[in-house]
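Here is how the chains run, residue by residue.
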Amino acid sequence: MIRTGHLNKLYTTEEVETTALNDVTMAVDQGEFVAIMGPSGCGKSTLLNILGLLDNPSGGEYYFLDQEVSGHSERQRANLRKANIGFVFQSFNLIDELTVYENIELPLIYLGTSKQERKDRVDAAMAHMQIPHRRNHFPQQLSGGQQQRVAVARAVIGNPKLILADEPTGNLDSANGAEVMELLNGLNEAGTTIIMVTHDQTLADHAHRIIRLFDGRIVQEAAA
Amino acid sequence: MIGNYLKTALRNIMRSKGHSIINIFGLSVAMALCILIFLLVRQELSYDGFHEKGANVFRVTQTAFMGEYRTIGITAVPLAPALEDAYAGIVRSVRYANTGPVLVSYENVTIREETVFYADPGFFEILTFQAVAGYLEGALESRSQVVLNEKSAEKYFGDADPVGKWLTMDDRKHLVAGVVRVPANTIFQFDFLISMKILTEADGNWNRNWSQSIAATLVELTSPEVAGTLEAQFPEFVEKHFPRFRGIDASVMGLQPLASIYLDSSILFDLFPKSDIVVSYVLGTLGFLLLFTACINFINVTLGRSALRGKEVGVRKTLGGTRAQLIGQFWGEALLVGVAALILGLSLAHLMLPGFNGLFAKDLKIDYFDNASTLLALIGLTGLVVLISGSYPALYMSRLDPTSILAHHVKAGALTVLSKVLITMQFTLSIFLMICLLAILRQLQYFADQDLGFDATNVLVVSMPDSGMLGPMREALDDYPQITHISAASSSFGPMRGLGQIGHTDSSGKRFSAYEYHVEYDYLPTLGIALAEGRDFSRAHATDETEGVIVNEALAREMGWEDPIGVVVPGGEARVIGVTKDYHYRSLQYELEPVVLRLAPDRIRFLLIRTRPEGLPQTLSTVKSVWEQIAGGLPFEYYFLEDDIGRFYQRERLLGDVALYISIITLLVALLGVYSLSLLNINRRTKEIGIRNVLGASTFDTTALIGRQFMLPLAIAILLACPPAYLLLRLWLGMYEFNAALGVGEFVLAGMAALVLVLGTVAFQVWRKNASPLVESLMND
């Protein structure tokens, strides 16, 4: 599903050139659950952004669903992204001005889904995440755990092939964190590929495989 | 998708109420003013555009020497038929004239009417007016018919049908043939229209008199293109018909398109109301600049809040939102704000309309459905606001990189370079207007402080249609102790009102021209005009009435008379018996021009009474009661000369008022922007301010810290505003023969005022912030 070859990412300012990713070659198969670990600043989030088509690499190859996408324009990346990838962030990144229902509905709007189908799918997702009673609430009226459930619901609503989770339990207590991991495991068992960035070895143990980064390089790749 | 955008936009507006209110209020004030300016400019530019044959209708002008060559708008009575006979390109000619007030009576009511016009029967054939009662076609064929406008019909007949009823006009009976609707946007603002035949058939001399210009001559041409050909043939016509009347050459005749008459303020001796196209352009420009200033607030606040909105942009992009969709969304938000501002702006415009109408002496209406251009203008105005205020934020916000935004790399409240440029533009406009306002006020004060060379205080001016009343009035009031002098004149002071012009070219080609006032004995002491040499008119000198004139110093100077007493005035037999010191009988805009005062008791129209200042109401009451005994029902119409002189500067006062209001609104909008941006900056730096406060910073220190960001734009704005203001004001003051020299005071004061107001606005925000518990600031992250 995903294949990279010698990926590089450089950040250049007037004075400094920083290498965020250095010669990263990796592959992720359909249905896999991969954890990416490493210390702060090792390039985990940069790699996730490139894999999630939020950013382009500075060099190297990136094949997503057998398409070379490293040189894609923002519009091409947006089209691939909305059809195939769901995101779960540490800080939830829900839109404060939209209700729970509207936040979950948003990817379907961008996909051009009809209103009735949107309603059916959002209702089903909310029921699955056990938050239908929160449908008209705004994010700031929810607990952290509830917000992350909404974020997961939003990530899966478009039936993506891939879910990218960046420290999905980082802002949650252990109980809520465990619930979110259960949700991700369930999604993976249902066939969704998951790539998760985490600091927490316990969470990484949920994955099939762990990739460790250090200073922008892959230093270890092993089964969990 | 659009529903989603609108919901987000609406909730965003509600969530940041303070900024939204500032944005919407600022825009609505600007839009309200733009709407009013649009109504005014539309009316100004639409004068007489509604006549079906309007494109073919021209007014005949003539150029004459009056100290300098000036184009005048009135012509001799025989001109119209002569032109019609002479040129095949002229389909029809119409004369339109006003010869002064007429006493109009119906039943027991007698009113002195100023706007009674004479017109040829073709008037309603070349011009398109709508009859609301009776008929117009042929109404001016008869000498005993009259056409009224709606206002006069209601004034005399109330709700009754006036058609077929008789009005008495200066002892002649006139049957009301029709009532006509006179739109506000026509130069033909008559209350009563009667046949030109009354003038031409009653006194056949008018038909032969090529020397006296009293009527506007309108011609309908076969096509507008004919005008140029005719103008080329006019010199021959002039040579044939026009005598060199008292030295004034009617040397050039021209044709002026009907639609341009109203906007040409250069024409002298015009029967028509005039406007100055420059005023429309200036107002239009100011309206646009004010709107732009308000849009700047929207742009700056949106940019200032970009980090707060950035998360939403990042999430939308991550979820597949394209840049085009985000641009659409931000434009949608601008549209929502624009529509809200339009609704509020329209309400404000309705509230401001009566004052605006009063200021410009108009009767404008916000006619949503009567005139399609109103709705189009409102849509256009909103579109302009959305385009200006929404474009850059939409492009900027949609360009934000989601990975940076979601990683919190974009800071809220920091001023971007563009924001600084826009603030500088706001400040520049505000300071420019303040400088202009201060200079206008100074010039008005200068007018008030000037010694005019006569004493306008305590002079009562009574309009006197019958010169024969002077004797009895004088006799009755002579012994009244509160009245010191009584005299009379053909015209009061004022902008060319009833002023005659005399002129002569001697054999050597030297030209002489002067304004002529017909006066009565005691004119000089009544008005407090001082003699430089010679003597006043005196009943002891019988020849004063026939061959004595008094001139002013300007005339003696111009003619180079070292000893003017006894000199014969060129072109006549009158000898100079006295020379007055120069006095400003016209606005200080004009240079002192030669004046000739001549005794002519039969030509006087105004009674002049100098009173003592004390007991004025009683004096007025006495004069009125004497008038009522003598005047035989003529209305008692009076004013004070001081008020009349004040009307010299109506235009300057209007300019001052306009500058005042627009300056205040522009400054208010700019300060709202400062308020909003300083609030954003303070919120961004809440923790920093808290720490500074813990360490001992005062409100002043924090004001300096936050206000610093505005100092460079302010300094640049002062530098940018001063040169154009200086050049414009120098140009404007140059139009006045007598003016207050431009000093540095206005520039310094405007700069200082801007500085104080900006820092005051910031200080208010800082004070509000400091009023909240310090611990809240320190906990802010």
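Residues numbered from 1 in each chain as written. Chains lettered and ligands numbered in written order. Predicted model: local features only at pLDDT ≥ 70, side-chain atom pairs only at ≥ 80, totals over all residues. Heavy atoms only, no water.

Right, let's get into the overall build of chain A. The helix and strand tally for chain A stands at seven helices and 10 strands. In summary, chain A has a C-alpha radius of gyration of 17 Å against a globular reference of 17 Å for 224 residues, a match within 12%. C-alpha extents for chain A along the principal axes are approximately 50 × 35 × 35 Å. Relative to its 224 residues, chain A shows a buried fraction of 56%. Counted over contacts in chain A with a minimum sequence separation of 6, partners at least 24 positions apart contribute 67%. Taken as a whole, chain A presents about 9500 Å² of accessible surface, with 46% of it coming from carbon and sulfur. (Helix = DSSP H or I, 4+ residues; strand = E, 2+ residues; numbered from the N terminus. Rg over C-alpha atoms; globule rule 2.2 N^0.38 Å. Buried < 20%, exposed > 50% of the residue type's maximum accessible area, 1.4 Å probe, protein only. Contact = heavy atoms within 4.5 Å. Areas by Shrake-Rupley, 256 points an atom, 1.4 Å probe, with all protein chains shown as cover.)

Our focus in this paragraph is the pattern of salt bridges. Tallied over the full model, the rule gives 31 salt bridges over all chains. Residue R59 of chain B pairs with D270 of chain B through a salt bridge whose shortest N-O separation is 3.0 Å. Pair noted here: R59 of chain B is in strand β1 (residues 57-65) and D270 of chain B is in the loop between α8 (258-261) and α9 (277-304), with a separation of 211 residues, a long-range link. Taking relative accessible area as the criterion, D270 of chain B reaches 18% and is therefore assigned buried. Where K197 of chain B meets E141 of chain B, a salt bridge forms, and the shortest distance between an N and an O atom there is 3.2 Å. Taken together, the residues span a long stretch of sequence, with K197 of chain B in helix α6 (residues 197-202) and E141 of chain B in the loop between β8 (130-134) and β9 (145-149) at a distance of 56 residues. When its relative accessible area of 22% is taken as the criterion, K197 of chain B is described as partly exposed. Taken together, the shared-partner salt bridges connect E32, R209 and E221 of chain A into one network. (Salt bridge = Lys/Arg side-chain N within 4 Å of Asp/Glu carboxyl O.)

So, on to the nonpolar core. In this structure, F427, I431, F454, F493, Y523, L597 and L641 of chain B are the most contacted members of the largest nonpolar core, which totals 115 residues. The element best represented in this core is helix α14 (residues 417-449) of chain B, accounting for 15 residues. In this structure, L641 of chain B is in contact with F454, A456, V459, V461, S492, F493 and L527 of chain B, ignoring residues within four places of it in sequence. Counting residues in each nonpolar core, the second largest holds 37 residues, with L108, A125, I163 and L172 of chain A among its members. (Core = buried A, V, L, I, M, F, W, Y, C linked by side-chain atoms within 4.5 Å.)

All names here are of chain A. Taken in spatial order, the four strands of this open sheet run β2-β1-β4-β5, and their pairing is antiparallel. Each having just a single partner strand, β2 (17-28) and β5 (67-68) make up the two edges of the open sheet. Direction of pairing for strand β4 (residues 59-64) relative to β5: antiparallel, over a ladder of two bridges. Its bridge partner being in β5, Y63 is matched across the sheet by E68. (Pairing = 2+ DSSP bridges.)

Residues and elements named next belong to chain B. Close contact between helix α3 (residues 79-86) and helix α7 (residues 226-241) brings their axes to 12 Å; oriented N to C, the two are set at 130°. On the basis of the axis angle, α3 is oblique to α7. Considering how the two elements wind past one another, α3 and α7 form a crossing that is right-handed. For the pair α3 and α7, the contacting residues are L79, A82, L83 and A86 in the first and F234, F237 and H241 in the second. Partitioning the contact of α3 with α7 into residue classes produces six nonpolar, one polar and no charged. (Axes fitted to C-alpha atoms, helices over the stretch in contact; angles between N-to-C directions. Parallel < 35°, antiparallel > 145°, perpendicular 65-115°, else oblique. Left-handed = near helix turned anticlockwise from the far one by under 90°. Nonpolar A, V, L, I, M, F, W, Y, C, P; charged D, E, K, R; others polar.)

For the rest of this paragraph, the subject is the sheet that holds strand β8 (residues 193-197) of chain A. Neighbouring strands of a sheet are bound in pairs by backbone hydrogen bonds; such pairs are parallel or else antiparallel. Residue and element names in this part refer to chain A. The six strands are arranged β6-β7-β8-β3-β9-β10 in an open sheet whose pairing can be described as mixed. If you trace the sheet from one side to the other, it starts and ends with β6 (85-89) and β10 (217-223), each paired once. Recorded for the sheet is a direction-independent mean angle of 15° between the axes of neighbouring strands. Along the sheet, helix α1 (residues 44-51) contacts β3 (33-37), β6, β7 (162-166), β8 and β9 (209-214); its crossing angle with β7, the most-contacted strand, is approximately 155°. Strands β6 and β7 of the sheet are contacted by helix α5 (residues 144-156), whose axis makes an angle of about 170° with β6.

Attention now moves to helix α5 (residues 150-157) of chain B. All names here are of chain B. When we look at burial in α5, the residues that qualify are S152, A153, Y156 and F157. Projected onto a plane normal to the axis of α5, the buried residues spread over an arc of 105° and lie on a single side. Exposed side of α5, more than 90 degrees from the buried face: K151 and E154 are the residues found there. As for α5, its buried residues are in contact with β5 (102-106), β6 (109-113), β9, β10 (166-169), β11 (172-181) and β12 (192-195). Once α5 ends, the next one or two residues include G158, with phi positive near 60°. (Arc of directions from axis to C-beta.)

All names here are of chain B. Running from amino to carboxyl end, α14 crosses helix α24 (residues 745-771) at an angle of 135°, the nearest separation of the two axes being 9 Å. What the angle tells us is that α14 and α24 run oblique. In this structure, the crossing between α14 and α24 has a hand that is right-handed. Every residue of α24 that contacts α14 at F427, I431, M434, I435, L438, A439 and R442 is listed here: E746, F747, L749, A750, A753, A754 and V758. Grouping the constituent residues of the contact of α14 with α24 by class yields 12 nonpolar, no polar and two charged.

Further remarks concern the packing of aromatic side chains. Scanning the entire structure with this criterion turns up 36 aromatic pairs over all chains. Between Y96 of chain B and F117 of chain B, the aromatic rings sit 4.4 Å apart at their centres with planes inclined by 10°, giving stacked as the arrangement. Here Y96 of chain B, found in strand β4 (residues 90-97), pairs with F117 of chain B, found in strand β7 (residues 116-119); they are 21 residues apart in sequence, far enough to count as distant. By relative accessible area, which is 7% here, F117 of chain B ends up buried. Between Y392 of chain B and Y396 of chain B, the ring centres sit 5.9 Å apart and the planes meet at 25°, which makes this aromatic pair stacked. Of this pair, Y392 of chain B and Y396 of chain B both sit in helix α12 (residues 372-399), four residues apart, roughly one helical turn. Among the aromatic residues, ring-to-ring pairing joins F50, Y96, F117, F123, F124, F129, F188, F190 and F272 of chain B into one connected group. When the ring centre of Y63 of chain A is taken as reference, the NZ or CZ atom of R3 of chain A above it lies at 4.4 Å. (Phe/Tyr/Trp six-rings, centres within 6.5 Å; stacked < 30°, edge-to-face > 60°. Lys NZ or Arg CZ within 6 Å of the ring centre and 35° of its normal.)

The subject of this paragraph is the interface of chain B and chain A. Facing the 24 residues of chain B at the interface are 23 residues of chain A. Interface area, chain B with chain A, both sides summed: about 2300 Å², of which 57% is carbon and sulfur. Together, R11, T318 and L319 of chain B form the three largest contributors to the area buried by chain B at its contact with chain A, with a combined 26%. Between R11 of chain B and E102 of chain A there is a salt bridge whose closest N-O contact spans 2.4 Å. Linking chain B to chain A there are five residue pairs in polar contact (both at pLDDT 80 or more). For the side of chain B that touches chain A, the elements supplying multiple residues, two or more each, are α1 (2-15), α10 (306-318), α11 (323-360) and α13 (402-406) of chain B. (Buried area = accessible area lost by both parts, 1.4 Å probe. Polar contact = N/O pair within 3.5 Å; in protein donor to acceptor, adjacent residues only side chain to side chain.)

Left-over empty space is what a probe sized like a water molecule reveals as it rolls over the atoms. This structure, assessed with the given rule, holds seven cavities of 30 Å³ or more. Around the largest cavity sit 20 residues that line it, and F298, T302, R305, R309 and E333 of chain B are the ones nearest its centre. The set of elements that each furnish at least two residues to the lining of the largest cavity consists of α1, α2 (17-45), α9, α11 and α12 of chain B. Its boundaries defined by the atoms lining it, the second largest cavity holds a volume of some 90 Å³. Among the secondary structure elements, those contributing two or more residues to the lining of the second largest cavity are β6, α3 (100-111) and α5 of chain A. Ranked by residue count, the leading element in the lining of the second largest cavity is β6 of chain A, at three residues. (1 Å grid on protein atoms, 1.4 Å probe; cavity = no way out; pocket = protein on both sides within 12 Å on 5 of 7 lines; lining within 4 Å. Points joined across faces, edges and corners; volume = space filled by probe spheres on them.)

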